[in-house]
Each structure stands twice: as structure tokens, then as C-alpha cells.
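Okay, here's what each chain looks like letter by letter:
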Amino acid sequence: EMVIRDWSSDVCSSDLMNKMPFPPAYQNFFRLGLVLKEHVSPETVVASRKGELLYMFSGTRVAGYTYSQDDRAVIQKMLDDGVEYVILDQLGYSSTPRYLYPAIQKNDDLFFVASHVPDPDTYLLKFDREAAKKKLSQSQRQDGKNTLP
């Protein structure tokens, strides 16, 4: 599909990024925001720890993630929120290694690297919604849980 871009806002946010003395972890986070701006529609929902900051660079819809050590709760919330991409950052918030990273690790069949920026490693992951729905409904059946609302 053809994506009409507003170059002026791109230049502005890149300029801002270069002028501000942000630590590398933030610069990488912003860089992935610009990758999103260039490659996905503004309707796309992206889960990340800092949605409001991401939005300044990506222009996409943003969502947080569930602070739960139950990986299925984290995945379910992504499904509920319509998430298509996830940013795995090293901004230093404890919730990322505590909740988001383990959920991705335990379900690495549901996430694919769309873009990666090193030093420090920052990932844009594509979330496979269909596979996630299937996997959650199977695990619910195995638990003997009622899948009806």
C-alpha cells in the first residue's frame, strides 16, 4: 500500500534527537520510532514501556503492557489492545526485564525481529496475533478453564 509521508515532521524529530543529549538507550528507542513512522500505518498499535515518548517519533497508536509475571496475561493484554509490534528496550525501567522480557522469552514463537539497533540492543518485534490466539486457547483448554467469557 502507498504510504504518504510527512517529511517535515521526520526531519524535526531527527533534529531533536541529534540536538538532545539523550543516552544511547533512548536514541535507539527513538530510532525504532522513526523506523515505525516510515514503515507502518499510524493505525498500527505498538506496545512499549514509554508510549507517550514513542508516539512523538512513531506517530502510531501506542499501548503499555501488563505488569504481570504470568506470561499469558501479558500476551492476552497485547491481543486485547490490538498490538502488532512490541519494542523491547533497555531504558532501565525494572518492569521490562521483570514482565515484558520473560513473556517474550517464554513465547519466542510469537515474536519476530523486525528491526534491531545495537549498543544497547533494542528490538522492534512483530507480534504474531493469530499464533498467539491459538496458543492461548490451547493452554486454556489444557488448564481445564472455561474459555467462555
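Structure shown above.
Figured I'd write up the structure that's included with this text. (Residues numbered from 1 in each chain as written. Predicted model: local features only at pLDDT ≥ 70, side-chain atom pairs only at ≥ 80, totals over all residues. Heavy atoms only, no water.)

Viewed as axis vectors pointing N to C, helix α4 (residues 71-81) and helix α6 (residues 129-143) meet at an angle of 135 degrees, and their least axial separation amounts to 10 Å. Comparing their axes, α6 and α4 come out oblique. Of the two elements, α4 crosses α6, and the hand of that crossing is left-handed. When α4 is examined against α6, the residues Arg-72, Ile-75, Gln-76, Met-78 and Leu-79 are found in contact with a partner set consisting of Arg-129, Ala-132, Lys-133, Leu-136, Ser-139 and Asp-143. Within the contact of α4 with α6, the residues separate by chemical class into five nonpolar, two polar and four charged. (Axes fitted to C-alpha atoms, helices over the stretch in contact; angles between N-to-C directions. Helix = DSSP H or I, 4+ residues; strand = E, 2+ residues; numbered from the N terminus. Parallel < 35°, antiparallel > 145°, perpendicular 65-115°, else oblique. Left-handed = near helix turned anticlockwise from the far one by under 90°. Contact = heavy atoms within 4.5 Å. Nonpolar A, V, L, I, M, F, W, Y, C, P; charged D, E, K, R; others polar.)

Its place among the elements puts Asn-28 in helix α2 (residues 24-39). Among the residues examined, Asn-28 registers a relative accessible area of 3% and is labelled buried. There is a polar contact of 2.8 Å between the side chain of Asn-28 and the backbone oxygen of Pro-120. Residues within four places of Asn-28 in sequence aside, it is in contact with Val-117, Pro-118, Asp-119, Pro-120 and Thr-122. (Buried < 20%, exposed > 50% of the residue type's maximum accessible area, 1.4 Å probe, protein only. Polar contact = N/O pair within 3.5 Å; in protein donor to acceptor, adjacent residues only side chain to side chain.)

Another aspect to go through is the pairing of strand β3 (residues 83-88). Most of β3 sits inside the fold, with five of its six residues counted as buried. Where strand β1 (residues 45-47) lies against β3, three bridges are found, and the strand directions are parallel. For Val-46, the partnering residue across the bridge sits in β3 and is Tyr-85. The pairing of β3 with strand β5 (residues 122-127) spans four bridges and is antiparallel. Paired with Tyr-85 across the bridge in β5 is Lys-126. (Pairing = 2+ DSSP bridges.)

For Thr-122, the position within the fold is in strand β5. Reaching out from Thr-122, the side chain makes a polar contact with the backbone oxygen of Pro-120 at a distance of 3.0 Å. Setting aside anything within four residues of it in sequence, one finds Thr-122 in contact with Asn-28, Phe-29, Leu-32, Ile-87, Leu-88, Asp-89, Ser-115, His-116 and Val-117.

Glancing now at the environment of Lys-77. Here Lys-77 shows up in helix α4. On the basis of relative accessibility, which here comes to 32%, the residue Lys-77 falls in the partly exposed class. Between the alpha carbons of Lys-77 and Thr-66 there is a distance of 6.5 Å; along the sequence they are 11 residues apart.

The next subject is the environment of His-116. Along the chain, His-116 turns up in strand β4 (residues 111-117). Separated by 29 residues in the primary sequence, His-116 and Ile-87 place their C-alpha atoms 9.8 Å from one another. In this structure the side chain of His-116 is engaged in a polar contact, spanning 2.7 Å, whose partner is the side chain of Asp-121.

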